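Observations on chain architecture
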Amino acid sequence: MAVLRWRVAAGILSAGLTLGVAELLAAFIRPESAPIHVLGSSVVDHTPDGLREWAISTFGTADKTVLFVCMGVVAVCVAGLAGALERVDRATGSTLLVFFGLLAAFVAAGRYGFLAAVPTVIGVAAGVYALRVLTERIAETFPGAASVQPPPNAPPSDRAPARASAPGDTESRAAPETSGAQAQPDAAATHTATPAPATGTAAEPRTGIDATAKSPGSAAEPRTEADAGSAGSGTLTTGPQRRELLRDMAITGGLALLAGVGGRLWSARRGDVSGERAAVMLPQPSEPAISLLPDADLRVPGLTPYITPNDDFYRIDTALFLPQVSIEDWSLRIHGMVDREILIGWGDLARRPVVERLVTLACVSNPVNGDLVGNALWRGYRLDELLAEAGPHPDADMVLSRSKDGWTSGTPLAVLTDGRDALLAVGMNGEPLPVAHGYPARLVVPGLYGYVSATKWVTELEVTRFDRATAYWTRRGWSALGPIKTGTRIDTPRGRARRPAGRIPIAGVAWAQHRGITAVEVQIDDGDWRPARLSTEQSIDTWRQWVYDWDATPGTHTIRARSTNGTGEVQTAERRDVIPDGATGHPTLTIQIG
């Protein structure tokens, strides 16, 4: 087992060097071409919908962290296996590293071009070289663990080196015979050496371990595999060889860490736009500033605030590493089925009228009573005006928007041009868009789930048709249109809570973007539905807060809520999963009183 641990460690360190070298080179070629990014993105693209939605509902916005942890565990297991299989005369582990390396290189080349495969190829070469060197060092340090033992009748030059004594060795050695003399026990090879008797003194009888030594004239027993050291444990040689092995492993690990961390830091520093973002001055709206109406925010303890702070706003996307897009490089191209193609740079936006609107966004992956919904004040430019300049063709019915990282979204053209406040947003809650939310520009479309509208880091708008183009999620079986369903959430009290009897506020938020909310009702156990008090309606494109004052009695109670939208439609009680177009059902929780 001792040798196996060394082999596993060698595999892990060699794989770490592979990833580190590739990360460092990718920083100079294209950061997205690093194996971790490439393979992680491929996992995201090919994860079954059910598993993906389970991860989102279970881990929420920490889903990417969990993905990286899982990838790390898999990488360590594969690397350890590669090290365990590798031998001086059998490069099985190296072959395993090459296989996964070529897979990552192939994916990188398919995504970003041939040059993107170079970091992985060179990284694999470095990792294989390190694994070969470390495997040789292990074989030298544990000669008994060699994969191939010479036959008993092999000439001396072909046999394994003689084993040095090790603590716990209970075998004695037979010294080579000399001319005219009998073989004597090799005292240096026994576990406990008996001092030579003084001149003229008879030696004491040898007992215990030493009693196994052969008497003069007896033939030495053949050495067994256990004596030579099995492949699973091996026999440690002298200290210098062990120190050389430790040194080589330390060098490999140090280089892996230095290259990996250095590459990641250099990539982050090279493209970091946080400093630029902090210096950006948002254009001022051409209309009077929006002010909240009285009682638009009920300010009930435990209730989500009417406007969601930027740091608390949900983030669900496919980007494993945030795209860093500078305003110097950013542009928006409007093309496809249009009379004229338009290319808009950041400086061109300054000459256009700016609007500011309150809009609530929701993710299609939001489960019943989930928190993947948020309300913010968005500043930007009307999309219907930008599209009108390009002149969409009469038979066009879809706008395919594209992100800097290649993600696409398909939005009905009719929705973008029906007069609602669909925006090319550059500001969020009074400051430039956070990088995590699309800096420098993104789309905001009231009434549609984000997967068909809320493209972050947007760079293209292609006017086309649904029967000619498909977007990222629609290719995976999700609905093409994605209107937001009427929803309600209970924020307080929390489920499974224990509260004293008496007056308890039950409060939450309800939404039906671009239709508005006209009523919210609460049901205790199986009783009648009771109306809740609503906040002032600020906009039909935002959620409304609600509160119901409940005189709680001792016992276990079930609380439900439902809302009615501006068209008179009552939220359905039918429970449906988020796939393919959003979850439905009444939010329900159980609470203990008394």
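Right, let's walk through the structure included here. (Residues numbered from 1 in each chain as written. Predicted model: local features only at pLDDT ≥ 70, side-chain atom pairs only at ≥ 80, totals over all residues. Heavy atoms only, no water.)

A word on the overall build of the protein chain
Along the protein chain, the regular secondary structure elements total 12 helices and 21 strands. For the protein chain, the residues scored as buried account for 47% of the 594 residues in total. Partitioning the intrachain contacts of the protein chain with sequence separation of at least 6 by distance along the chain shows that 75% fall at a separation of at least 24. (Helix = DSSP H or I, 4+ residues; strand = E, 2+ residues; numbered from the N terminus. Buried < 20%, exposed > 50% of the residue type's maximum accessible area, 1.4 Å probe, protein only. Contact = heavy atoms within 4.5 Å.)

Some remarks on the sheet that holds strand β15 (residues 502-511)
Across the sheet, which stays open at both edges, the four strands sit in the order β13-β15-β19-β18 with antiparallel pairing between neighbours. In this open sheet, the two strands that pair with only one neighbour each are β13 (487-492) and β18 (533-534). Of the strand pairs in this sheet, β15 and strand β19 (residues 544-552) are connected by nine bridges, and their pairing is antiparallel. Note that in β19 the partner of Ala-507 across the bridge is Val-547. (Pairing = 2+ DSSP bridges.)

Some thoughts on the sheet that holds strand β14 (residues 498-499)
Strands belonging to one sheet form pairs held by backbone hydrogen bonds; the direction of such a pair is parallel or antiparallel. Ordered in space as β14-β21-β20-β16-β17, the five strands form an open sheet in which the pairing is mixed. Because the sheet does not close on itself, it has two edges, and the strands there are β14 and β17 (529-531). Looking at chain direction, strand β16 (residues 517-524) and strand β20 (residues 555-565) are connected through seven bridges and run antiparallel. Each bridged residue has a counterpart across the sheet, and for Gln-523 the counterpart in β20 is Arg-560.

Some thoughts on the pattern of salt bridges
Across all of its chains, the model carries 28 salt bridges by this definition. Across the salt bridge formed by Glu-32 and Arg-30, the nearest N and O atoms sit 3.3 Å from each other. Exposure remark for Glu-32: the relative accessible area of 29% places this residue in the partly exposed category. Note on Arg-30: relative accessible area 33%, which makes it partly exposed. Taking the shortest distance from any N to any O, the salt bridge between Asp-551 and Arg-503 comes out at 2.6 Å. With a gap of 48 residues between them, Asp-551 in strand β19 and Arg-503 in strand β15 connect regions that are remote in the sequence. The exposed category is assigned to Arg-503, whose relative accessible area is 55%. (Salt bridge = Lys/Arg side-chain N within 4 Å of Asp/Glu carboxyl O.)

A look at empty space enclosed by the protein
The gaps of empty space that remain are located by a probe, the size of a water molecule, rolled over the atoms. Enumeration over the complete set of coordinates arrives at one cavity of 30 Å³ or more. By volume, the largest cavity is sized at about 160 Å³. Forming the boundary of the largest cavity are 17 residues, of which Asn-366, Pro-367, Gly-487, Trp-511 and Ala-583 lie nearest the centre. (1 Å grid on protein atoms, 1.4 Å probe; cavity = no way out; pocket = protein on both sides within 12 Å on 5 of 7 lines; lining within 4 Å. Points joined across faces, edges and corners; volume = space filled by probe spheres on them.)

Notes on a nonpolar patch on the surface
A contiguous nonpolar surface patch, about 460 Å² in accessible area, is contributed by Leu-24, Phe-28, Ile-29, Leu-115 and Trp-266. In terms of residue count, the dominant contributor to the nonpolar patch is helix α1 (residues 2-29) (three residues). Looking at Phe-28, the relative accessible area reads 51%, which means it is exposed. (Patch = residues over 30% accessible without salt bridge, like charges linked within 9 Å, V, L, I, M, F, W, Y side chains within 5 Å. Areas by Shrake-Rupley, 256 points an atom, 1.4 Å probe, with all protein chains shown as cover.)

Looking at the pairing of β15
Within β15, seven of the 10 residues are buried, which leaves it mostly tucked inside the rest of the structure. Pairing of β13 with β15 involves five bridges; the strand directions are antiparallel. Across the sheet, Ile-490 pairs through a bridge with Gly-508, a residue of β15.

With respect to the nonpolar core
Of all hydrophobic cores here, the largest spans 82 residues; its most connected members are Leu-332, Ile-334, Trp-378 and Leu-424. When residues no more than four places from it in sequence are discounted, the contact partners of Ile-334 are Arg-340, Glu-341, Ile-342, Ile-344, Leu-386, Leu-387, Ala-390 and Leu-461. One finds Ala-512, Ile-524, Tyr-548 and Ile-559 within the second-largest nonpolar core, a separate group that totals 20 residues. (Core = buried A, V, L, I, M, F, W, Y, C linked by side-chain atoms within 4.5 Å.)

Remarks on the packing of aromatic side chains
For the coordinates displayed, the defined rule picks out 12 aromatic pairs. Each ring, one from Phe-28 and one from Trp-266, has its centre 5.9 Å from the other, and the planes form 25°; the classification is stacked. Taken together, the residues span a long stretch of sequence, with Phe-28 in helix α1 and Trp-266 in helix α8 (residues 239-271) at a distance of 238 residues. Arranged with centres 6.1 Å apart and planes meeting at 85°, the rings of Trp-330 and Trp-346 form a pair that is edge-to-face. With Trp-330 in the loop between α9 (274-279) and β3 (331-336) and Trp-346 in helix α10 (residues 346-349), this residue pair connects regions lying 16 residues apart in the sequence. By relative accessible area, Trp-330 is classed as buried at 3%. Every member of this aromatic cluster is reached through a ring pair, and the members are Trp-407, Tyr-451, Tyr-472, Trp-473 and Trp-478. Here the basic side chain of Arg-476 rests over the ring of Tyr-472, its NZ or CZ set 3.8 Å away from the ring centre. For Arg-562, the ring lying beneath its charged end belongs to Trp-529, and the centroid distance is 4.3 Å. (Phe/Tyr/Trp six-rings, centres within 6.5 Å; stacked < 30°, edge-to-face > 60°. Lys NZ or Arg CZ within 6 Å of the ring centre and 35° of its normal.)

Examining unusual backbone geometry
In this model, Tyr-439 is joined to Pro-440 through a cis peptide bond whose omega is 10°. As for its placement among the helices and strands, Pro-440 is situated in the loop between β10 (431-432) and β11 (442-444). The amide bond that connects Ile-579 to the next residue, Pro-580, takes the cis arrangement and shows omega of 10°. With respect to the secondary-structure elements, Pro-580 resides in the loop between β20 and β21 (588-593). Look at Asn-369: it is not a glycine, yet its phi comes out positive at around 70°. Here Asn-369 is to be found in the loop between β5 (355-362) and β6 (373-382). Given a relative accessible area of 28%, Asn-369 falls into the partly exposed group.

Regarding the side chain of His-586
By secondary structure assignment, the location of His-586 is in the loop between β20 and β21. At a separation of 3.1 Å, a polar atom in the side chain of His-586 contacts the main-chain carbonyl oxygen of Gln-571. Discounting residues that sit within four places of it in the chain, His-586 has contacts with Val-368, Trp-529, Ala-561, Arg-562, Gln-571, Thr-572, Ala-573 and Arg-575. (Polar contact = N/O pair within 3.5 Å; in protein donor to acceptor, adjacent residues only side chain to side chain.)

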